[in-house]
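Working through the structure, step by step
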Amino acid sequence: MVAPATGQLAADFGIHNNVIVALTTSIFVLAFAIGPLFLGPMSEIYGRSRVLQLANLWYLAWNLGCGFAQNENQLLAFRFLAGLGGSAPLSIGGGVLGDCWRPEERGQAVALYSLAPLIGPVIGPITGAWISERSTWRWVFWSTSIVDAIIQFMGLFFLQETYAPLLLERKANKIRQSMDEEKVHYKEVRSMFKEDDRSWQAIMSKALVRPFALFFREPIVQLLGLYMAYMYGTLYLFLTTIPSIFEGVYQQPVGIAGLHYIALGVGLTVAAQINARTLDKFYVHFKSKNGGVGRPEFRLPAMFPGTFLLPIGCLITGWTVQAHTHWIAPDIGIALVGAGTILNFQCIQTYVVDAFTLHAASALAAVSCLRSLAGFGFPLFAPAMYSALGFGKGDTILAVIAIVIGCPAPWIFWRYGERLRNASRYAR
């Protein structure tokens, strides 16, 4: 929501550096790289619900503070701190879905869930553009805080705990407390997940190290994290350059230019709905052909077209803007970028959850670290790249890199994924 209001914000604070202007948007995403590394493991210690709700309260407080910022330094600091709290669902949300659904039912749930963090940056700039045009940039933060407060209130009543080890440990504690010590001489009730060393130091040290261990030891996390990082970076680059395309090249007012985010939303939503309906069907089909044995690799078929749609969308967008064609042409390219991104995103999310079910939150935290760093960094170099190369050549570079990194990925994991999982300490 901040992206369309950055011009107004820069004028208020006297910001003339384009990098600092872009930073007001992307620093929020930088926090997404750091927060999940700690919040994901903490949800595997203290439970999903508790960590999610406390993180959301943290976000609410600092996002509200952004609306009262008096200078650029305060705004950047408050945006970063709000991002730490807002990052919790990135790692914990996938873990909750892994807790609740069996593998053959999980695909549709993860597909629908993974649409939210991508459709949000599409709806946000549309509403942000009209809010900033009709009032001030401060109401961008205050309006989101009002909505978040409503969500927080609902979460107090409806967000229940789902993490099996914690639930079983609570059940074991109730059984121990209900036992009559005089009648039962040997009082040892424990869940299947309980370890011998349950000191908080041992638990915290093991859980907080796990995302880093997954990142440095697991080729699955490294390869998928690299591709997801590039996709996420490209998506955020498009999110921050859509205003410059339609306000700068097509000379449209802020509110009208913001409506072009709908193109990205259409691509994301249509592809997500199709994939949500087919993801589990593909899984069940290949599982039956494999003798009734499911594999995480059966989540990847939709990734094959997704890896081609992303670079095609980049090429269409770049060269149609360069040629000053009708505005519908770059919108078609933007929609294809959205479609390719969500197909790949959903397949990777479900693959990681299936492969690292018990430690899904930590695995998703490791994958999302690189992703969020790219989402932070890409918009910062976008103005310089497009200024030097133009939209045509700039987006061609993005398309070529997407082909080199992305197109081989589903083939590699389809062929060698099982071998990589068998060599892993954490994957199943």
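In what follows, the accompanying structure is described. Note that the structure is predicted; figures quoted are calculated from it, not measured. (Residues numbered from 1 in each chain as written. Predicted model: local features only at pLDDT ≥ 70, side-chain atom pairs only at ≥ 80, totals over all residues. Heavy atoms only, no water.)

**Let's talk about the packing of helix H12 (residues 261–289) against helix H14 (residues 328–355)**
Between H12 and H14, the shortest axis-to-axis distance is 7 Å and the interhelical angle comes to 35°. Both H12 and H14 take part in a crossing whose hand is right-handed. On H14, the residues that touch Ala263, Leu264, Gly267, Leu268, Ala271, Ala272, Asn275, Leu279 and Tyr283 of H12 are Asp331, Ile334, Ala335, Gly338, Ala339, Ile342, Leu343, Gln346, Cys347, Thr350 and Asp354. Residues that form the contact of H12 with H14 fall into these classes: 13 nonpolar, five polar and two charged. (Axes fitted to C-alpha atoms, helices over the stretch in contact; angles between N-to-C directions. Helix = DSSP H or I, 4+ residues; strand = E, 2+ residues; numbered from the N terminus. Left-handed = near helix turned anticlockwise from the far one by under 90°. Contact = heavy atoms within 4.5 Å. Nonpolar A, V, L, I, M, F, W, Y, C, P; charged D, E, K, R; others polar.)

**Notes on the side chain of Gln349**
Within the fold, Gln349 resides in helix H14. Since its relative accessible area comes to 5%, Gln349 is described here as buried. Setting aside its immediate chain neighbours within four residues, Gln349 contacts Val110, Tyr113, Ser114, Met228, Leu364 and Arg371. (Buried < 20%, exposed > 50% of the residue type's maximum accessible area, 1.4 Å probe, protein only.)

**What to know about H12**
Across its 29 residues, H12 extends 41 Å between first and last C-alpha, which sits within 8% of the 42 Å expected from 1.5 Å per residue. Positioned one or two residues after H12, Gly291 has a phi angle of 75°, which is positive. (Expected span 1.5 Å × (residues − 1).)

**Thoughts on the side chain of Glu218**
The topology assignment puts Glu218 in the loop between helix H9 (200–217) and helix H10 (219–249). Once residues within four sequence positions are removed from consideration, Glu218 is found in contact with Ala213, Phe356, Ser424, Arg425 and Tyr426.

**A look at the packing of aromatic side chains**
The final tally for this structure, using the stated rule, is 20 aromatic pairs. The interplanar angle of 55° and the centroid separation of 5.0 Å between the aromatic rings of Phe28 and Phe32 together place this pair among those described as tilted. Taken as a pair, Phe28 and Phe32 lie in helix H2 (residues 18–46) at a separation of four residues, close to a single helical turn. With relative accessibility at 9%, the residue Phe32 sits in the buried group. With centroids separated by 5.0 Å and ring planes inclined at 50°, the aromatic side chains of Tyr232 and Tyr236 adopt a geometry described as tilted. Highlighted residues: Tyr232 and Tyr236, both in helix H10, separated by four residues, approximately one helical turn. Both residues of the pair, Tyr232 and Tyr236, belong to the buried class. Sitting over the ring of Tyr283, Arg299 keeps its end group 4.2 Å from the ring centre. Seen from the ring of Tyr232, Arg371 lies directly overhead, with NZ or CZ sitting 4.7 Å from the centre. (Phe/Tyr/Trp six-rings, centres within 6.5 Å; stacked < 30°, edge-to-face > 60°. Lys NZ or Arg CZ within 6 Å of the ring centre and 35° of its normal.)

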